[in-house]
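Listed below, chain by chain, are the residues.
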Amino acid sequence: FYFPALNIESGTRISMRKEKFGNGERYHIFNRGTGKIDIFRDDDDRRRFLCYLEEHLYNRKHQRVVEVTAFALMPNHFHIALLQCIDAGVSYYLNKVCQSYALYFNAKYVRSGCLFSGRFQARHIDKDAYFLHITRYIHRNPLVLVGADGLPNYHWSSYPTYLGREKSEIVTDSSAMDMFASPAAYKDFVDMWKAGEDDLIADVLLD
């Protein structure tokens, strides 16, 4: 059983999770705004969320809680691929990030109540074949916003980091990048996506 509790101050619903996350295991994490509202209204919002993604990589004992592999921010949701480093690291990280951001957002826009649509969702990436496809799926998510030509310069995802165009203190796991001979090779992998290939990861896609 789990009993949801509401953090009234931040307007974020916090739940005890049924599933347990394993150390050294990878997960695809997703959450969206309640009622599908936009949770990122301007670049300042996006920058603030990225700051929290970096800030909460460590707990109060200075232990790294997760390694982030890839991420993308969309107007009403976000995607993160990560690896858990310590017990309860995933839950600690996402709860801290989402609570911090909800406090900021509600104060800025003078609102109250839940910002996110319940607890974050997670899918275990338990097959090697999924891993690279998940990063590609995440990096292609903003395609509807900026088009194919704009993806390499979309600052609100880790794709420019994979292409060597930007440095990131958030992306601490280079495993996916290391599987390619060069950033150009990874770009080719992203560009060569064809309709139907997401069927390979259909059971871990969340939207």
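In what follows, the structure referred to is the one given above.
Keep in mind the model is a prediction, meaning the values are calculated, not measured.

Novice: Sorry if this is basic, but what is going on with the pairing of strand 5 (residues 77-84) here?
Specialist: Within a regular beta strand, the side chains point alternately toward one face of the sheet and then the other, so they alternate between its two faces. Taken across its eight residues, strand 5 has eight buried, putting it largely inside the fold. Looking at chain direction, strand 3 (residues 26-32) and strand 5 are connected through seven bridges and run antiparallel. The residue bridging Phe30 from the neighbouring strand is His79, located in strand 5. Bridge count for strand 4 (residues 66-73) against strand 5 is seven bridges, and the pairing is antiparallel. The residue of strand 5 that forms the bridge with Leu73 is Phe78. Between strand 4 and strand 5, which pair antiparallel in sequence order, lie three residues.

Novice: Looking at this structure, I do not really get the packing of helix 3 (residues 128-140) against helix 7 (residues 183-191). What am I missing?
Specialist: Between two packed helices, the angle of one axis relative to the other and the distance separating the axes together describe the packing. Contact geometry of helix 3 with helix 7 gives a least axis separation of 10 Å together with a crossing angle of 75°. Classified by the angle between their axes, helix 3 and helix 7 sit roughly perpendicular to one another. Residues Leu132, His133, Thr135, Arg136, His139 and Arg140 of helix 3 pack against Tyr186, Phe189 and Val190 of helix 7. A per-class count over the contact of helix 3 with helix 7 returns four nonpolar, three polar and two charged.

Novice: Whenever I open this one, the packing of aromatic side chains confuses me. Can you help?
Specialist: Describing an aromatic ring pair means giving the distance of the ring centres and the angle of the ring planes. Inspection of the entire model under this criterion finds 15 aromatic pairs. Each ring, one from Phe21 and one from Tyr27, has its centre 4.8 Å from the other, and the planes form 90°; the classification is edge-to-face. Here the two residues Phe21 and Tyr27 agree in accessibility, since each one is buried. Here the aromatic rings of Phe78 and Phe116 are separated by 6.1 Å at their centres, their planes lie at 85°, and the arrangement is edge-to-face. Pair noted here: Phe78 is in strand 5 and Phe116 is in the loop between helix 2 (89-108) and strand 6 (121-125), with a separation of 38 residues, a long-range link. For Phe78, a relative accessible area of 0% puts it in the buried group.

Cut-offs applied
- Residues numbered from 1 in each chain as written.
- Predicted model: local features only at pLDDT ≥ 70, side-chain atom pairs only at ≥ 80, totals over all residues.
- Heavy atoms only, no water.
- Buried < 20%, exposed > 50% of the residue type's maximum accessible area, 1.4 Å probe, protein only.
- Helix = DSSP H or I, 4+ residues; strand = E, 2+ residues; numbered from the N terminus.
- Pairing = 2+ DSSP bridges.
- Axes fitted to C-alpha atoms, helices over the stretch in contact; angles between N-to-C directions.
- Parallel < 35°, antiparallel > 145°, perpendicular 65-115°, else oblique.
- Contact = heavy atoms within 4.5 Å.
- Nonpolar A, V, L, I, M, F, W, Y, C, P; charged D, E, K, R; others polar.
- Phe/Tyr/Trp six-rings, centres within 6.5 Å; stacked < 30°, edge-to-face > 60°.

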